[in-house]
Amino acid sequence: MKYKASCHCGQVAFEFEGEFKEALACNCSMCQRRGSLLWFLPREQLQLLTPEDAAARYTFNKHVIQHRFCPRCGIHAYGEGQDPKGQQVAAVNVRCVEGLDLDALPIHHFDGSAL
């Protein structure tokens, strides 16, 4: 199924295809504060609908994840990084996905604070 997602004001927008089986709730210092629910896919499957520089970047700790957010409204829309096999991945904040029933989505809790 094809999905569209965006920040609150629409300055950062993208689309992708996939099937949601669950979302990930991480308790690291970043995810816990922003309250995002994440779903991962290969980075090449995330198609930006707005210019890449519309989203600001933030990194912390080991600086391996590019946290992408809107500098206008502040919403974290997605992140970029590598999986354990070295493949480029995107972590979509499913709270930004249009028409998704979050109550029907199982949530996997990940202990990111232990990393």
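Report on the accompanying structure. Since this is a predicted model, take the numbers as computed values, not measurements.

Criteria and cut-off values
- Residues numbered from 1 in each chain as written.
- Predicted model: local features only at pLDDT ≥ 70, side-chain atom pairs only at ≥ 80, totals over all residues.
- Heavy atoms only, no water.
- Helix = DSSP H or I, 4+ residues; strand = E, 2+ residues; numbered from the N terminus.
- Rg over C-alpha atoms; globule rule 2.2 N^0.38 Å.
- Buried < 20%, exposed > 50% of the residue type's maximum accessible area, 1.4 Å probe, protein only.
- Contact = heavy atoms within 4.5 Å.

## Looking at the overall build of the chain
A count of helical and extended segments in the chain gives 1 helix and 10 strands. Computed over its C-alpha atoms, the radius of gyration of the chain comes to 13 Å, within 12% of the 13 Å expected for a compact globule of 115 residues. A total of 115 residues make up the chain; the buried ones form 41% of that total. At a minimum sequence separation of 6, the contacts of the chain that also span at least 24 residues come to 54%.

## Looking at the environment of Met1
Of note, Met1 is situated in the segment before strand E1 (2-6). Sequence spacing of Met1 and Val92 is 91 residues, and the spatial spacing of their C-alpha atoms is 15 Å. Apart from residues lying up to four places away in sequence, Met1 is in contact with Phe16, Glu17 and Gly18.

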